[in-house]
Amino acid sequence: SIPLGYFGGIGRAAREGILVKGSNFLDALSKATIVAFDKTGTLTKGVFKVTKIETRNGFSKEEIIKFAALAEAHSNHPIAKAIKEAYGKEINEAEIKEHEEIAGHGVRARIDSIEVMVGNDRLLHKFNIDHDTCHVKGTVAHVVVNGKYAGYIVISDEIKEDAPKAVRELKRLGVKKVVMVTGDSKDVAEAIAKQIGLDEFYAELLPEDKVEIIEKLEKEKKDDEKIVFVGDGINDAPVIARADIGVAMGALGSDAAIETADVVIMDDKPSKLPIGIKIARRTQRIVW
Ligand code: ADP
Ligand code: MG
């Protein structure tokens, strides 16, 4: 039977907008010692803005942003949204003949007879296309038109206001390690890790690499300790499923992630995690 105290704990958490899907997860939360956060949409707002366009090989800024916007037409990635917003014009769907999204890389599309690619260094490397290596403050989306490097778009995101506080609170509760895992570049990850006060970060990861990091962290903990992973569910559902406690953030996150998650934080605040841990620990004391 389930001790009564758990219902109190689950109810208290729910009133804070933290849905715990069972007493076993509340119990696990009280033993969390390692916390890993996804970056985009979890520690950062996930609201990207185009801050710079650099052209190469005779392309114009207008051309680059138009090709990129069309190629990203079917993508919901925050980078795609920023590019479409910067373009600002209606997209004629009929022009988009083919579209493929490559997780952790970018997109490829055929606009009438023109092949366009938009994505990171890894995407261009995959297709053997020479490009600039940029160290800029922001995420770089390279644009390739018919196999020719056309330049890059810089897209910037900002940290959520309560992210540094979330980390401080977790440390105050005795969590040993707070880390970030991201598919974004090392430069971007390092800048954000510094701003937020994270212990470690892992960058340039594919969704499946994130699972491996969780497995690596698992080897660092003692038997009774638990690992929490917090993501927004956009391509991190496998990690949410793999962690001892998978947390999905944002009620508007993907359905798959919300279903897979052990805990759902209804609003977008990372600082709800330490609150959840506090409630879990208090509940433990009442139960035992
Ligand atoms: P995160 O771990 O920050 O949530 P993702 O795994 O969603 O990042 O993506 C990792 C990287 O892959 C992005 O930083 C970007 O460089 C590239 N990428 C993914 N999807 C797209 C897209 N639709 N357009 C351009 N680049 C993309
Ligand atoms: Mg993500």
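Quick notes on the rules
- Residues numbered from 1 in each chain as written.
- Chains lettered and ligands numbered in written order.
- Predicted model: local features only at pLDDT ≥ 70, side-chain atom pairs only at ≥ 80, totals over all residues.
- Domains from an automatic or database assignment.
- Contact = placed C-beta atoms within 7 Å.
- Helix = DSSP H or I, 4+ residues; strand = E, 2+ residues; numbered from the N terminus.
- Nonpolar A, V, L, I, M, F, W, Y, C, P; charged D, E, K, R; others polar.
- Near = placed C-beta within 6 Å.

The chain is annotated in an unreviewed UniProt entry as Cadmium-translocating P-type ATPase of Thermococcus paralvinellae.

1. What to know about the domain arrangement of the chain
Partitioning the chain into structural domains gives domain 1 (4-44 + 159-287) and domain 2 (49-156). Here the C-alpha centroids of domain 1 and domain 2 sit 32 Å apart. Between domain 1 and domain 2, the contact holds 11 residues from the first and 8 residues from the second. If one sorts the elements of the side of domain 1 that touches domain 2 by residue count, helix 7 (residues 186-196) sits on top with 3 residues. Split into classes, the residues belonging to the side of domain 1 that touches domain 2 amount to 4 nonpolar, 5 polar and 2 charged.

2. As for the site of ligand 1
As a structural note, the neighbourhood of ligand 1 is formed by 23 residues, with Thr40, His77, Gly106, Asn120 and Gly183 the closest of them. Contributing elements (two or more residues each) for the shell around ligand 1: helix 4 (78-87), strand 5 (106-111), strand 6 (114-119) and strand 7 (139-145). In terms of residue class, the shell around ligand 1 is built from 6 nonpolar, 12 polar and 5 charged. Looking at the shell around ligand 1, you find at least three residues from each of domain 1 (4-44 + 159-287) and domain 2 (49-156).

3. Observations regarding unusual backbone geometry
Excluding glycine, a negative phi dihedral is what most residues carry, and trans is how most peptide bonds are arranged. Although it is not a glycine, Asn128 sits at a positive phi angle of roughly 60°. Mapped onto the elements of the fold, Asn128 is located in the loop between helix 5 (121-126) and strand 7. Residues other than glycine seldom take positive phi values, yet Glu204 does so here, at roughly 55°. Its location among the elements puts Glu204 in the loop between strand 10 (200-202) and helix 8 (207-218).

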